[in-house]
Amino acid sequence: MVRLALVGIGSWSTVIADGVHRSKKAKLVTCFTRTPEKRMAYSKKYGCDQEESYEAVLKRSDVDGVILTTPNLVHPEQAFLAAAHGKHIFVEKPLANTMADGRKMIDACKKAGVVLMVGHDIRRLKGFRKAKEIIDQGIIGKPTMVEANFSNNLGFRADSGQMAVVWR
C-alpha cells in the first residue's frame, strides 16, 4: 500500500483523489491546501488527515509520496523539498515552466533516489485511443492537419472556484 498526501486542492485533485480512493494499492493519508475551510472539507470527504503546511506533510513518516496538483510555478520548489525528505512525487503536467527547472527536478529526484512521475492521463481516454486506431488503420487516409477540442465539466461545478469561458 502506497501512502499518499495530496497537495493543492483544486478541481482536478478530486479526480485524482477519487482514483486513489478506488485503488487497492494506494491510500490518501493526508492533504494540504492553504485555505483551512477547503482543507477541512477535503479531509472529511476523503477520510484523510489534513496539514497546516506543506512542510508538515513532508515530515510525516506515514507518507510515502506526494501528489502535487498545485500551480506549475511552484512544482520545482515543492519537488525539491519532497525529494529532500525522501518522498516520491507525482506532479500534474506540466512538470515545470522551463526545461531548466524540469531538468533540476529530475536531477534532484535521481540524487534522492525517489520516483518522479508526471500526470498525462488524457492519452488514455477512449476517444483518443479510437482516433489513433482510425489513423493507424488508414481509414481516413493520411492526416495533414487536425483541429480538436477537448472539454470537461469541471469548470462548471459551483464549488470548483473556476469559470469556463469560450472565446470564438
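Just so it is clear, the structure is predicted and the values come from calculations on it, not from any experiment.

About the thresholds
Residues numbered from 1 in each chain as written. Predicted model: local features only at pLDDT ≥ 70, side-chain atom pairs only at ≥ 80, totals over all residues. Heavy atoms only, no water. Pairing = 2+ DSSP bridges. Helix = DSSP H or I, 4+ residues; strand = E, 2+ residues; numbered from the N terminus. Contact = heavy atoms within 4.5 Å. Axes fitted to C-alpha atoms, helices over the stretch in contact; angles between N-to-C directions. Buried < 20%, exposed > 50% of the residue type's maximum accessible area, 1.4 Å probe, protein only. Right-handed = clockwise from strand over helix to strand, strands pointing away. Patch = residues over 30% accessible without salt bridge, like charges linked within 9 Å, V, L, I, M, F, W, Y side chains within 5 Å. Areas by Shrake-Rupley, 256 points an atom, 1.4 Å probe, with all protein chains shown as cover. Salt bridge = Lys/Arg side-chain N within 4 Å of Asp/Glu carboxyl O. Arc of directions from axis to C-beta. Expected span 1.5 Å × (residues − 1). Parallel < 35°, antiparallel > 145°, perpendicular 65-115°, else oblique. Left-handed = near helix turned anticlockwise from the far one by under 90°. Nonpolar A, V, L, I, M, F, W, Y, C, P; charged D, E, K, R; others polar.

Draft legend 1. Just the sheet that holds strand S4 (residues 65–68), in detail. The 6 strands are arranged S3-S2-S1-S4-S5-S6 in an open sheet whose pairing can be described as parallel. Across the chains shown, the open sheet's two edge strands, defined by having one partner strand only, are strand S3 (49–50) and strand S6 (116–119). Where strand S5 (residues 88–92) lies against S6, 4 bridges are found, and the strand directions are parallel. Each residue of the ladder has a partner; that of Ile-89, found in S6, is Leu-116. Here helix H2 (residues 36–46) sits on the sheet in contact with strand S1 (2–7), strand S2 (26–32) and S3, set at roughly 160° to S2.

Draft legend 2. Region of interest: the pairing of S4. Across the two faces of S4 the burial is the same, with Gly-65 and Ile-67 and Val-66 and Leu-68 all buried. Pairing of S1 with S4 involves 4 bridges; the strand directions are parallel. Counted as the bridge partner of Leu-6 is Ile-67 from S4. On the question of chirality, the crossover connecting S4 to the parallel S5 by way of helix H4 (residues 75–84) is right-handed.

Draft legend 3. Structural context of a nonpolar patch on the surface. A cluster of nonpolar side chains, namely Ile-135, Ile-139 and Ile-140, defines an oily patch on the protein surface of about 300 Å² accessible area. Among the secondary structure elements, Ile-139 is positioned in the segment after helix H6 (126–136).

Draft legend 4. Geometry of H4. What H4 keeps buried is the set His-75, Pro-76, Gln-78, Ala-79, Ala-82 and Ala-83. Along H4, the residues classed as buried sweep out an arc of 165° about the axis, all on the same side. For H4, the exposed residues set more than 90 degrees away from the buried face come down to Glu-77 and Ala-84. Summarising the contacts, the buried residues of H4 are in contact with S1, helix H3 (54–59), S4, S5 and helix H5 (99–112). Downstream of H4 by a residue or two, Gly-86 has a phi angle that is positive, lying close to 75°.

Draft legend 5. Representation of H5 in the model. For H5, spanning 14 residues, the distance from its first C-alpha to its last is 20 Å, which sits close to the expected 20 Å at 1.5 Å a residue. Among the residues of H5, Gly-102, Met-105 and Cys-109 are the ones counted as buried. The buried residues of H5 all sit within an arc of 60° when viewed along its axis, so they share a single face. When the buried face of H5 is taken as reference, the exposed residues oriented beyond 90 degrees from it are Met-99, Arg-103, Lys-110 and Lys-111. In this structure, the buried side of H5 is in contact with H4, S5 and S6. Positive phi appears at Gly-113, one or two residues downstream of H5, with a value of about 70°.

Draft legend 6. Representation of the packing of helix H1 (residues 11–22) against H2 in the model. One way to put it is that H1 packs onto H2 with a least axis distance of 11 Å and a crossing angle of 25°. If you check the angle between H1 and H2, you find them roughly parallel. Every pair of crossing elements has a handedness; the one defined by H1 and H2 is right-handed. In this structure, H1 uses Ser-13, Thr-14, Ala-17 and Asp-18 to contact H2, whose residues at the interface are Tyr-42, Lys-45 and Tyr-46. For the contact of H1 with H2, the class distribution of residues is 3 nonpolar, 2 polar and 2 charged.

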